[in-house]
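# Descriptive analysis of the structure
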Amino acid sequence: MSLRLYNTLTRRIETFQPLAPPRVTMYTCGPTVWNYAHIGNFRSFLFEDLLRRHLEASGYRVFHIMNLTDVDDRTIKAAAEGGKSLSEHTEPFVRAFFEDRDFLRIRPAHVYPRATTSIAAMVELITTLLEKGYAYIGEDGSVYFSIAKFPAYGRLSQLDKRELKVGARVSSDEYDKDDPRDFALWKAASPLDEQVGAAWDAPFGRGRPGWHIECSAMALSEIARFGVKTLDIHCGGVDNIFPHHEDEIAQSEAATGEPFARFWLHGEFLNIRGTKMSKRYGNILTVRDLKEEGVDPAAFRLLVFSTHYRQPLDYNDQALEAASEGVRRLGEFHERLSEVAGEAAGKEGPATGVVAARVPEAVGEFRRQFKEALDDDLNAPQAVAALFGLVREGNRELDRGAWGPEDAWVALAAFREAMDVLDLLPGEPEIDQEFRAWVEAKVAERQAARRVRDYGRADAIRDELRARGVELEDTPDGTRWRVQRGAGTRGAVQ
Ligand SMILES: [Zn+2]
């Protein structure tokens, strides 16, 4: 069975077929680096990571482009407020974004074009649109796209033209445009733009790009290396559909005369404890917050993949706890399989090319279900269910001694293939010095309590340690301790 994806453009699930297989060009709208990206943004990036990994596991050669929006209204405003230049303001957030991406084990895109270093491509695209009559210079010196010249406008968002017009009029107090629906391709430089260094010379006047033209120009110039003008896949969050992606289509197709993207995929929102994440509710969470709370990145991935990307996801304590427990079980199963398969701890997995004489039924069934689930419009919750089915079945077979080393070996290979896509094994706990000192002191305190037969106190200390993920083992040589995978073991301990 082949991969089928829901295409926002047609509102249908379609069989995926790239322009020139096995190559797949994939453009994903990246972060606006005015601030830290929040976990709602990262939900989108994780759905895109899943898509990318599943395509790669299916034999496609993906070329992944993610842009960085480092000039727009918000970045300019934030830079001005901080008394900084645009790049001084955005650079730390670019670094933070890459750190957060790595923390969540998201595969890096092949290129990260930045808006401020792609101005030439934008100027060229706007020039073409002016020449072809799709754009005009408004009375304020800005360049606008003329929606009236592009009849296909509204196809992606399927908003009624009248509706668009009325909506735009209500919120519009701009009189420099021919039509209130028209959007800016290039904004004439303002004193604030000049102040932060966000203005560039262009044949049509000094200014800066609009957000939408940034994505069109960067996408088209990156895929020009393959001699094409059409992306195989364009992704983003549902909030990007209108106007951002609608405008990207209008600009790109008006300029090239070819479809801009074959497949449009959009990820749904993430809510926090049943509430929309917003500044107004003060409930915006970043990856930095997750790190501080000691959340295992694998647990966050599992939490995200437990809901289909086209369904709203709720981030709450119970869901996070369940995901942490799930990740712990996966880690245990992986260790158990590795042991039975006769591997030394920490060694690489089964060598490739090992041909199994016999594939245990549970493993064959798992492989089939896993691929089928992801081929079905990336049904990650179903793929995750198949994975835990394998854990259950595998543990049962191992318990009754039905799986020998070769069975475990084959199961391990299948399990690791799935991990190549989902990447859910618990992280090695990072134990910092502060934490280690705290544990050592507690262990010594417990020893002292036991010596004076204060077992109540000794047990209380054991419980306290367990609550922080530390397991104790009393041996003839003294007490040993180890930290469970996935436990939060950093920072000050009260
Ligand atoms: Zn975009």
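Fair warning: this is a prediction, and the values are worked out from it, not measured in the lab.

Another point: the domain arrangement of the protein chain. Many authors give the size of an interface as the accessible area that is lost as the parts come together. Entries for the protein chain in the domain assignment read domain 1 (17-281), domain 2 (295-422) and domain 3 (433-483). On a C-alpha basis, the centres of domain 2 and domain 3 stand 33 Å from each other.

With that settled, consider the nonpolar core. One finds Ile 126, Leu 129, Phe 145, Leu 185 and Leu 302 to be the most contacted residues of the largest nonpolar core, which totals 112 residues. Ranked by residues supplied to this core, first place goes to helix α14 (residues 405-422) with eleven residues. Mapped onto the domain boundaries, this core takes at least three residues apiece from domain 1 (17-281) and domain 2 (295-422). Beyond its immediate chain neighbours, meaning those up to four positions away, Leu 302 contacts Ala 323, Gly 326, Val 327, Val 384 and Leu 424. Counting eight residues, the second largest nonpolar core, distinct from the first, contains Val 71, Ile 76, Leu 86 and Ala 198.

Now for the pairing of strand β7 (residues 183-188). With five of its six residues buried, β7 lies for the most part within the structure. Examined bridge by bridge, strand β6 (residues 143-145) and β7 share three bridges and lie antiparallel to one another. Within β7, the position partnered with Phe 145 by the bridge is Phe 183. Pairing analysis gives three bridges linking β7 to strand β8 (residues 207-209), with the strands arranged antiparallel. Bridge assignment links Ala 188 to a residue of β8, and that residue is Gly 207.

This brings us to the sheet that holds strand β3 (residues 23-28). What the four strands build is an open sheet, ordered β4-β3-β9-β10; its pairing is parallel. Strands at the two margins of the open sheet, each flanked by one partner only, are β4 (61-66) and β10 (261-267). Along the sheet, successive strands turn relative to each other by an average axial angle of 20°, direction set aside. Taken together, the six bridges between β3 and β4 define a ladder with parallel strand orientation. Counted as the bridge partner of Thr 28 is Met 66 from β4.

Quick look at the packing of helix α11 (residues 317-340) against α14 now. Closest axis-to-axis distance for the α11/α14 pair is 8 Å, and the angle between their directions is 140°. Taken together, the axes of α11 and α14 are oblique relative to one another. The handedness of the crossing between α11 and α14 is left-handed. Contacts between α11 and α14 involve His 334, Leu 337, Ser 338 and Val 340 from the former and Pro 405, Ala 408, Ala 411, Leu 412 and Phe 415 from the latter. Of the residues that constitute the contact of α11 with α14, the class distribution is seven nonpolar, two polar and no charged.

Further remarks concern the packing of helix α4 (residues 119-131) against helix α8 (residues 241-256). Angle between the axes and distance between the axes: these two values describe a pair of packed helices. Viewed as axis vectors pointing N to C, α4 and α8 meet at an angle of 70°, and their least axial separation amounts to 9 Å. Comparing their axes, α8 and α4 come out roughly perpendicular. Crossing handedness for the pair α4 and α8: left-handed. When α4 is examined against α8, the residues Leu 125, Thr 128 and Leu 129 are found in contact with a partner set consisting of Gln 251, Ala 254 and Ala 255. Its residues assigned to classes, the contact of α4 with α8 comprises four nonpolar, two polar and no charged.

This brings us to the sheet that holds strand β11 (residues 270-272). A sheet is described by the order of its strands in space; here three strands give the open sequence β12-β11-β13, paired in mixed fashion. With one partner strand each, in any of the chains shown, β12 (275-276) and β13 (313-315) form the two edges of the open sheet. The sheet contact formed by β11 and β13 spans three bridges and is parallel. What sits directly across from Ile 272, in β13, is Tyr 315.

So, about the pairing of strand β2 (residues 12-15). Note that strand β1 (residues 4-7) and β2 share four bridges and pair antiparallel. In the sheet register, Asn 7 faces β2, and the bridge partner there is Arg 12. Counted along the chain from β1 to the antiparallel partner β2, the turn is four residues long, and its residue Arg 11 has a positive phi close to 60°.

Across its 13 residues, helix α7 (residues 211-223) extends 19 Å between first and last C-alpha, which sits within 8% of the 18 Å expected from 1.5 Å per residue. Most of α7 sits out of view: eleven of its 13 residues are buried. For α7, every residue scored as buried is listed here: Trp 211, His 212, Ile 213, Glu 214, Cys 215, Ser 216, Ala 217, Met 218, Ala 219, Leu 220 and Glu 222.

Omega for the peptide link from Pro 21 to Pro 22 comes to 5°, which places this bond in the cis form. Summarising the element assignment, Pro 22 is placed in the loop between β2 and β3. Note that the residue after Phe 242, namely Pro 243, is joined by a cis bond; omega there is 0°. Tracing the sequence through the fold places Pro 243 in helix α8. In this structure, Arg 105 is a non-glycine residue whose phi angle is positive, near 60°. As for its position among the elements, Arg 105 is in the loop between α3 (86-103) and α4. The residue Arg 273 is not glycine, and still its phi comes out positive at about 45°. Structurally, Arg 273 can be placed in the loop between β11 and β12.

Turning next to the confidence of the model for the protein chain. When pLDDT is averaged along the protein chain, the result is 91; 91% of the residues meet or exceed 70. Across residues 490-494 the pLDDT falls below 50, and counting only partners more than four positions away or on other chains, this stretch makes eight contacts in the model.

Within the element layout of this structure, Ile 126 appears in helix α4. When the C-alpha positions of Ile 126 and Ala 255 are compared, they lie 8.6 Å apart, and in sequence the two are 129 residues distant. Setting aside its immediate chain neighbours within four residues, Ile 126 contacts Ala 135, Val 143, Leu 185, Trp 186, Phe 204 and Ile 213.

Cut-offs and rules
- Residues numbered from 1 in each chain as written.
- Predicted model: local features only at pLDDT ≥ 70, side-chain atom pairs only at ≥ 80, totals over all residues.
- Domains from an automatic or database assignment.
- Core = buried A, V, L, I, M, F, W, Y, C linked by C-beta atoms within 7 Å.
- Buried ≥ 20, exposed ≤ 12 C-beta atoms within 10 Å, placed from the backbone.
- Helix = DSSP H or I, 4+ residues; strand = E, 2+ residues; numbered from the N terminus.
- Contact = placed C-beta atoms within 7 Å.
- Pairing = 2+ DSSP bridges.
- Axes fitted to C-alpha atoms, helices over the stretch in contact; angles between N-to-C directions.
- Parallel < 35°, antiparallel > 145°, perpendicular 65-115°, else oblique.
- Left-handed = near helix turned anticlockwise from the far one by under 90°.
- Nonpolar A, V, L, I, M, F, W, Y, C, P; charged D, E, K, R; others polar.
- Expected span 1.5 Å × (residues − 1).
- pLDDT = per-residue confidence, 0-100.

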